[in-house]
Amino acid sequence: MSSIAVNSGLNRTATFYHSVVGKKVVMAVSGFVLSGFVLGHMFGNLQLFQGREKLNHYAEMLQSLGGLLWFARFVLLSAAVLHITAAFQLWRLKNEARPQAYVKKAHIATSYAARTMIWSGPIVGAFLVYHILHFTTGQALGDQFIKGDVYHNVIVGFQNPAASFFYIIANILLAIHLYHGVWSMFQSLGVNHPKYTPKLKTLAKVYGWVIGIGNVSMPLAVLVGLVK
Amino acid sequence: MKIILNIWRQQNATSAGRMVRYEVPNANEHMSFLEMLDVLNEELTRKGEDPVTFEHDCREGICGCCGFMIDGVPHGPQRGTTVCQLHMRHFHDGDELWLEPFRAKAFPVIKDLMVDRSAFDRIIASGGFISVNTGSAPDGNALPVIKKCSDMAMDAAACIGCGACVASCPNASASLFVSAKISHLGQLPQGQAERDRRASRMVLKMTDEGFGYCTNTGECEAVCPKGIKIENIARMHRDYIKASATFREETSGGGAG
Amino acid sequence: MALNLDSKIPSGPIEQKWQKAKFEMKLVNPANKRKYNVIVVGSGLAGGAAAASLGELGYNVKCFCFQDSPRRAHSIAAQGGINAAKNYQNDGDSVYRLFYDTVKGGDFRAREANVYRLAEVSVDIIDQCVAQGVPFAREYGGVLANRSFGGAQVSRTFYARGQTGQQLLLGCYQALERQVDAGRVKMLYRYEMLELVVIDGRARGIITRNMVTGEIESHVADAVVLGTGGYGNVFYLSTNAKGSNATAIWRAYKKGAGFANPCYTQIHPTCIPQSGDYQSKLTLMSESLRNDGRIWVPTKKADTRDPNTIPETERDYYLERRYPAFGNLCPRDIASRAAKVACDEGYGVGPGGRGVYLDFSESINRLGRNVIEERYGNLFEIYERITGDDPYKMPMRIYPAVHYTMGGLWVDYQLQSTIPGLFVLGEANFSDHGANRLGASALMQGLADGYFVIPYTMGNYLAGVKPGGVDATHQEFKAAKEAVDARTKKFLSIKGKKTVDDFHRELGKVMWEYCGMARNAAGLDHAIARIPELRAEFWENVNVPGSGAELNQSLERAGRVADFLELGELLCRDARIREESCGGHFREEYQTEDGEAKRDDVNFCHAAVWEYLGDNKVPARNTEPLEFEHVHLAQRNYK
C-alpha cells in the first residue's frame, strides 16, 4: 500500500508543500500578493506627475499608518520570501527532473515570457533590493537622500542615467514576468474554463503592459526632463 | 527520397550515449516514419550492425508505445499525430533530422530511443482507478451521467500514456498525464467517492517519481497526439488543493466485529 | 494418444446451465486463496480482467506482458463497440437473441452452451465497466446510448466514440493497477513467455525472457492462464499490432494443448491498402463507410488515370452489379472476396494493383459535404493522415486485410485446455465465435472470460489441487529453461543472409496467396509443401544480430516468426482438410451458385482439434462434435 500520511496539521502542510502542485500554489498565492502590491505601488507613485506636494503627502500618509504599515511590510516580505524560496526549489527540481538535456529541443507553445521567468525573476528580485536601498532606506542614494522628501529623492535618483536605465530594464522584465505570471497564477490555483481563460489571458497581458508602461514612465519622464 | 538521420545510440541504461549519423537513401513519401526506420534497420542488420531500438506496437496511433523526439519535438512536426502515423510526405528529399529519446529522470533510457515509462503505471496504481470489485456493480443505467460530463470525461480519457507531454515539458512534468486521469474519473459521478484520495495520492506519487512541476507553458498541450487540454491541469490543482485541505487518509482498518 | 475433448457442458436447459455450473463448482476457502499462485500471461481485456478479478478474490497473481505496460495490449485498438443484451432500447433484444445471432453469425461452428453464457454475462460486463468509469456514450437524459452494428437488427452495441476498446482496456488496466498497489498482483512487463512447463500432466509454470536484461527465468504456479490474443500476424500484414504473436499458445500446443480450428480467420473488407513492400501493418477503416460509399474499379485493366477523370461508363460498380439486392452492403466475406477477384483479374487500382475505390462523391452530392463529415469525419481524417489523399475529393482506396482469428486453443466449458491447469481466454481460445465473429463481439468475449468466467472456474480447479509442491529446481523447469536457452543460442549463431522480416514477409505472402480470402486444394497443397521449405531455410539462413543478454528486438521477432512458420503450416492443413466453406473459411470448391459459403454439416459439423505429435510429424486431427438444439442448422441467407 502507498503509505502517505497526511493527517496531522503539520504533516498536512509539509506534504502539501512537498508536492509539485503545492509549491506552485505557494508561488501563485505569493505572486498574487506581490502582483497586487505592484499595481497599488505603481498607482501611488504615479502621483509623481501631480507634483511634489501630492507625492510627499501620500508618503506621509503611508508612514502614518504605523502598525498597519509594518503588517503590510511583513506580509509583503513573507510573500517575497515564499515566492523566492519556492522558485529556487522549483528551479532545482527542474534540473533534477531532466538531468540530461536534449541535443536539440524546439519550443512550440512556450511564450518568450514563460521561457524567461527563471531569469526575469532573479533580476527583478535584485532590483527590488536596490529599489529599497535607493528610495526607502537611502543607502544607494548616499548624501543626496532626504528622509521624508520622496519627490526630491525620486528626481535626484532618476537623474542618474545608469540608475534610470536599470529601473527601465527591470520594469520591462517585471512586465514580462507578470505577462506570464498573472495568467499562470490563475491556472496554478485551478482557475481554467474555456469561457473565462481567454479573458484571463487578456487580463494578464493588459496587466503586464499597464505595469510596464506605468513604471517605466517615471524614470523616463525624469530623464527627459518632463518632471523636475 | 534521401533522409539523413542523426540518431541517439545508447547501449543500455548505464552506458553513455551519442548521436550517430545514418543515411536512408531509399525512403519513400508513402512510408510512415517507423517504416522508414524499419528500412534502415533491415539495412543495418544486413551489414551486421546493431539495428536501432525504438518502441512501437499497434502502429495506428492508439497503444501509446511509440514516441521519440524528431528535431526536438515529440512525435515530430505533424500536430495530433503519433510518430507511427507520421508519414514521410511531410519531409523533403535531403532533410537532416535529429532523433532522440524522451528525456526525463523518471523516464530512464533503456536502449537507443526506448525509455522506461513504468512511472506512469505506478502513478495510476497509487489512485487512478475507481475501487469496484468485479461483480459488485449496479445496473449501468442506475446512475445517469450528464452527457456533457461524460463527454468531457471521454476527452480526458483519450490519453494514450505515450509520455510526449513529459518529453516536451521544459520541467519534465507529468501534469498533463496525471491530470487527464484525475479529470476523467473526477468528472463522473462514479468517481466522486475517491476523488480527494485520488488527487492527493496521484499528485504525491507524481512528485516522488521525480517528475517536475507545471509552469503553464502549454508545451504539452501543443504536442499531445490526442489533444488533451491543460484545462485538466487546472482541475487537478483544484482537486489537489481541496483534497489537501480536507482529505483524511484512514488510519486503521476498523474491522468487522 | 487422442486428446480428451470432454466439453464438460452442464446438463439441463440452456438458460440454466451456467447457474447450475456455478453452483456445482467447488470453492476455495477465503483464507487459503493466498496460498495459490496463478500466472496470467497477457494483459489485454481477457488477461487483464482475469488478473484483476483473481487478485480481488485473494489469489496470488503474477501477470506478464511483453509491452512496457499492461495498457498497451492490442485490445486497445478496437474501434466499434461492445455488444450486450441489455435491451435498453426496448427493441426486442434479449439474451436469447444475442445468443441466437452469435451462433448463426458464427455459421454454426460454435458451441451453443458457451455462446449462451457469453450472451448471459454480457449484461454484467456493461454494469462493471460503467462502475469502473468507462465513459460510454450517453443520451441527453444521462442514460447509456446504443447503436446497431454489423447489420444487427437491434441496437445493442455500447460504445465510447471510436475508441471503445481503449476505454474498456483502460478500465481493466486501472482495476489491475489497483490490485498491483494492493499487493495482490505482481505485474511483470517487458517479459515474454517462451515455454510452458507441464509437470505430472498439469500446467505448473512458464519460462520467460526478461526482454531488457535477456535473463531466462522460471515462474512456478498452481495454474496458468493465457490471454495472449490471436495469431493474425502469421499473415505478416494484418490489422494486429506489430508485436501480436502466437508464441504462448504455440508453446502450449507443443506441450499438449489441443489447437482448434486454426483455419477460421476473419478478413475485414475495408482496410487501407498496402502502399509498398516496406509496409509494416494494415489499418482498418470502419465498416460503416460502406453505408454511403460506392465500391468500383475501372472497366479497363491496369487503369492508372486519376479516378475523377474516369467517366461513369468506364466504371464497374461490381458489388451493385453482382449483388443487386445488397449492393455495397453485402456481407464482409462476400465484399472481401469480390475485391480480391477484381484485383486478381487485373482491375485493381493503386500501387501494385491491390485496391478498389470506395467513392463518396455521389453521397456528397446527394447529402452535402456536411452530412458526410458528421458521419465519417474522423475516419476521413485517419485516411488522409495515412495516404495523403483527401477522401472528400478523391475516392478512397481500400482492400481487405486479416483482422481476427476465431481459431485458438481448444477449451472446455470451464475455459480449461486439454492440459489441466492451463486456461485460455479471449481471442487465444476458440470457443465462442465459431467460424466467423460478429462485429462488437470480440471485446464482449474477452471481458466475459476474464471478469465473469475464470474467477469461478479457476476456483473450481484450484479447490481440487494442493497449493505448491514443486519449485523451479524441478527437472521439467530445468529442461524447459535449457530448451529456451538452446533455442536463443541457435537463433544468434546462424548468422545467415536474410533478416527475420524477410522470412516473415515471405511466409505472409504464401499464407495470403494460398490460405487467405479464398482457398482451394491445389493452393493449400502448395502452401503445405512450401512452408516447411521456408522454415528449413529460416533455420539455416536467418541473421539475428546482437546478443541474448540485452534488449534485442531482432531476437524477439525471430522467436515469434519461428513459431509462425510452424503455425502457418497447421493453419493450411486445417483449411485443406475442412472440405466445406463456413464463415471465415472459404473453399472455392464449396460454394453455392451465387458465391455463398456452402457448409457440409454431415461431415464437418465439428471442431477440429489438432494434437501435436512431434516436430516434422503430421499432427493428429481430433474432433469435438457440435450439436445444435436451439439454433437450427440452416444455410445463412443474406438475400
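Bear in mind that the values here come from a model prediction, so they are computed numbers and not experimental data.

## Considering the domain arrangement of chain C
Interface size, as often reported, equals the accessible area lost upon joining of the parts. Residue and element names in this part refer to chain C. Each assigned domain of chain C is listed here: domain 1 (267–402) and domain 2 (480–612). Put simply, the middle of domain 1 and the middle of domain 2, counted by C-alpha atoms, are 29 Å apart. Between domain 1 and domain 2, the residue contacts involve 12 residues of the former and 10 residues of the latter. Summed over both partners, the interface of domain 1 with domain 2 comes to about 940 Å²; 62% of that surface belongs to carbon and sulfur atoms. Contact with domain 2 buries area across many residues of domain 1, yet I267, R337 and K340 alone supply 51% of it, more than any other trio.

## Section: the packing of aromatic side chains
Residues and elements named next belong to chain C. Evaluation of the coordinates by the stated rule reveals 42 aromatic pairs over all chains. Each ring, one from F99 and one from Y116, has its centre 5.2 Å from the other, and the planes form 65 degrees; the classification is edge-to-face. Residue F99 is located in helix α3 (residues 95–105), and its partner Y116 is located in helix α4 (residues 112–132); the two are separated by 17 residues in the primary sequence. Each of the two residues, F99 as well as Y116, counts as buried.

## Observations concerning unusual backbone geometry
Residues and elements named next belong to chain C. You will see that N90, though not glycine, has its phi angle at about 60 degrees, which is positive. Notably, A302 is not glycine yet its phi reads approximately 45 degrees, a positive angle. Tracing the backbone shows A302 in the loop between β12 (294–298) and β13 (315–316). Taking the relative accessible area as the measure of exposure, A302 reaches 59% and is therefore exposed.

## A word on the interface of chain B and chain C
Taken together, the contact between chain B and chain C spans 78 residues of the former and 73 residues of the latter. For the pair chain B and chain C, the summed buried area comes to about 6200 Å², and 48% of that belongs to carbon and sulfur atoms. Looking only at chain B, the three residues that lose the most surface to chain C are D57, T134 and M154 of chain B, adding up to 11% of its buried area. Inspection of the region where chain B meets chain C yields 8 salt bridges. Secondary-structure elements contributing two or more residues to the side of chain B that touches chain C are α1 (33–46), β6 (109–111), β7 (114–115), α2 (118–125), α3 (147–157) and α5 (175–186) of chain B. Tallying contributions element by element places α3 of chain B first for the side of chain B that touches chain C, with 7 residues.

## Notes on the sheet that holds strand β5 (residues 185–189) of chain C
Residue and element names in this part refer to chain C. Reading across from one edge, β5-β2-β1-β9-β17 is the order of the 5 strands in this open sheet, with parallel pairing throughout. On the outer flanks of this sheet lie β5 and β17 (422–424), each paired with one strand and no other. Ignoring which end each strand starts from, the neighbouring axes of this sheet average 20 degrees apart. With 4 bridges connecting them, strand β1 (residues 37–41) and strand β9 (residues 223–226) associate as parallel partners. Paired with V41 across the strands is L226, a residue of β9. In this fold helix α5 (residues 164–181) packs onto β2 (60–65) and β5, with an angle of close to 115 degrees to the strand it touches most, β5.

## Brief notes about helix α3 (residues 52–64) of chain A
Residues and elements named next belong to chain A. Taking 1.5 Å of rise per residue, the 13 residues of α3 would be expected to cover 18 Å, and the 18 Å separating its terminal C-alpha atoms lies within 8% of that figure. Its buried side turned inward, α3 meets α2 (20–45) and α7 (150–159). Backbone geometry just downstream of α3 places G66 in the positive-phi region, at approximately 60 degrees.

How each quantity is defined
Residues numbered from 1 in each chain as written. Chains lettered and ligands numbered in written order. Predicted model: local features only at pLDDT ≥ 70, side-chain atom pairs only at ≥ 80, totals over all residues. Heavy atoms only, no water. Domains from an automatic or database assignment. Contact = heavy atoms within 4.5 Å. Buried area = accessible area lost by both parts, 1.4 Å probe. Phe/Tyr/Trp six-rings, centres within 6.5 Å; stacked < 30°, edge-to-face > 60°. Helix = DSSP H or I, 4+ residues; strand = E, 2+ residues; numbered from the N terminus. Buried < 20%, exposed > 50% of the residue type's maximum accessible area, 1.4 Å probe, protein only. Salt bridge = Lys/Arg side-chain N within 4 Å of Asp/Glu carboxyl O. Pairing = 2+ DSSP bridges. Axes fitted to C-alpha atoms, helices over the stretch in contact; angles between N-to-C directions. Expected span 1.5 Å × (residues − 1).

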